[in-house]
Amino acid sequence: MDLAAQLEALRDDGAARLTAAADADALEQARIELLGRNGALKDLKDAFKTASPEDKRSCGRLLGEVDQALKAAYEARDKSLQGAVDSSAIDITLPGEDRRAGSIHPISQVAWEVEQVFSSMGFDVVDGPHIEEDEFNFTRLNIPPDHPARDSQDTFWLSTGKLLRTHTSSVQSRTYPDTQPPIRKVVVGKVFRYEEVDATHDNTFTQVEGFLVDEQITVAHLVGTLQTMIKAVLRRDDVEIRLRPSFFPFVEPGFEVDVRSTSATGRFSNWVELLGCGMIHPKVLKMGGIDPERYQGFAFGLGLERLAMIRHGIEDIRLFNGADLRGLRQFAG
Ligand code: DAH
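A word on the nonpolar core. Leu-226, Met-229, Ile-230, Leu-275, Phe-300 and Leu-304 are the most contacted members of the largest nonpolar core, which totals 42 residues. With residues near it in sequence (within four places) discarded, Ile-230 still touches Arg-235, Val-239, Ile-241, Val-259, Leu-274 and Leu-275.

Have a look at this one:
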C-alpha cells in the first residue's frame, strides 16, 4: 500500500474505532495504539519523513487531516463517555427523594403584611443597621448615658463601643437629621437583647417601628393608624383597642396598647397587651433638627413575634428561631 492509501485507511478505520469505543478503557487503549508515542499515526509520520519528494508533496495535507480527524474523534468520544451515565448504577425501582418546597417564615409573613398596610397609608418602608451607635439607639431618643431606662434594655455591647440595636426606634433618630417633615416611615427588623431565652423571651426578635411627623398631628391620628394596622394583621374587623398611660423616654404622652376582639373566644376575648406608642417627645424632635413648636408626631413599636403568637396561637417564642422544622412547616402555603 502506498503512503496515501495507508493514511486514508488510518483516517477512516482509526476514527471509526475511536468513535465505537465502548467505555473509557477501550477508548484509552485505542488512543495508545492510534495516537500514542509508538502508535499507528507516529509510524506513518516517520514514514512520511523518509518518503520521496513526490510523496511528500501529495501526502502532506492528508497527514494533517488524519492527525486532526483522529484527535477530534478521540475528544468527541471522551466527552460523550464522561457525560454518559453508567446505567447499571441506577436502580429505577428505588423510591424517589422527597423534596419539600420551602415556605415563608411566619414572621416574614406578618412583616410583609405590616409593610403592605403601611405602604397603603403612604408610609415609606425603610431599614437601618443592626450594629448601631449608642447615640442613635439611646441618647437621641432622650435616653442619656445615666438614664435608668437603659437598664431595661439589656444590651449587647461590642468592643468598638457600638452595640446591637435593642429596638428599631433607632431608625427614628437616624432618620431625622436628614429629613424634614412631612415624614411617614415604618421599619421592620431584627433587634437584640441580652436576655435569658425562655418561652416568652428570645435574644433576637423582630420589631416594627412606625413614626409620623407633620403639622397638627394628634393622638387621634395615632389611634386610627394603629386600628387600621391591627385589623389588617389580625384579620378581624371587630378588634377594640385600649390605650393605657405608660412611660417611654422618647414619647410624651406615652401609652401601652391592649387589643381584644368582641367575637373571639379564648385568649382574645380578654385584653392582650400588644405595643407601645406615644407622641414623639419634643426633645427627640429637637435633637433631630426638627422644630417642635411647629411639628408634632407619633411613634409606636411592636414585637412581631408577639403578634404572630397571638394570631396563630403559638405558645413558645423559641419556635421562630429554633431549628425544629416541624413547627415552621405548619405555616407553609
Ligand atoms: N422601643 C420600645 C421598646 O423596644 C418600643 C416603643 C415604645 C416604641 C413606644 C415606640 C414607642 O415608638 O412610642 O421597648
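So, next bit.
Right, let's talk about the domain arrangement of the chain for a bit. By a frequent convention, interface size equals the accessible area lost on bringing the separate parts together. Each domain of the chain was delimited in the assignment, giving domain 1 (3–89) and domain 2 (106–331). On a C-alpha basis, the centroid separation for the pair domain 1 and domain 2 is 75 Å.

Moving on to the environment of Val-126. By secondary structure assignment, the location of Val-126 is in strand S1 (residues 124–126). Owing to a relative accessible area of 22%, Val-126 belongs among the partly exposed residues under this scheme. The spacing of Val-126 and Val-188 is 62 residues in sequence and 7.8 Å in space, taken between C-alpha atoms. Ignoring sequence-local partners within four residues, the contact set of Val-126 consists of Val-171, Lys-185, Val-186, Val-187 and Val-188.

All right, on to the packing of helix H1 (residues 3–20) against helix H2 (residues 24–35) then. Each pair of packed helices gets described by two things: the angle between the helix axes and the distance between those axes. Running from amino to carboxyl end, H1 crosses H2 at an angle of 160 degrees, the nearest separation of the two axes being 9 Å. Judged by the inter-axis angle, H1 sits roughly antiparallel to H2. Between H1 and H2 lies a crossing of left-handed hand. For the pair formed by H1 and H2, the contact residues are Leu-10, Gly-14, Arg-17 and Leu-18 on the first element and Leu-27, Gln-29, Ala-30, Arg-31, Glu-33 and Leu-34 on the second. A class-by-class count of the residues in the contact of H1 with H2 yields five nonpolar, two polar and three charged.

Next up on the list: the site of the ligand. Around the ligand sit 15 residues in total, of which His-167, Ser-169, Arg-193, Gln-207 and Glu-209 are the nearest. Within the contact set of the ligand, an oxygen atom lies 2.9 Å away from a side-chain nitrogen or oxygen of Arg-193. When the ligand sits alone it has 360 Å² of accessible area, and the protein chains cover 91% of it. Only strand S5 (204–214), strand S8 (272–280) and strand S9 (296–303) provide two or more residues apiece to the shell around the ligand. Class assignment for the residues of the shell around the ligand results in six nonpolar, seven polar and two charged.

Here is what the cut-offs are and how they apply
Residues numbered from 1 in each chain as written. Predicted model: local features only at pLDDT ≥ 70, side-chain atom pairs only at ≥ 80, totals over all residues. Heavy atoms only, no water. Core = buried A, V, L, I, M, F, W, Y, C linked by side-chain atoms within 4.5 Å. Buried < 20%, exposed > 50% of the residue type's maximum accessible area, 1.4 Å probe, protein only. Contact = heavy atoms within 4.5 Å. Domains from an automatic or database assignment. Helix = DSSP H or I, 4+ residues; strand = E, 2+ residues; numbered from the N terminus. Axes fitted to C-alpha atoms, helices over the stretch in contact; angles between N-to-C directions. Parallel < 35°, antiparallel > 145°, perpendicular 65-115°, else oblique. Left-handed = near helix turned anticlockwise from the far one by under 90°. Nonpolar A, V, L, I, M, F, W, Y, C, P; charged D, E, K, R; others polar. Near = heavy atom within 4 Å. Polar contact = N/O pair within 3.5 Å; in protein donor to acceptor, adjacent residues only side chain to side chain. Areas by Shrake-Rupley, 256 points an atom, 1.4 Å probe, with all protein chains shown as cover.

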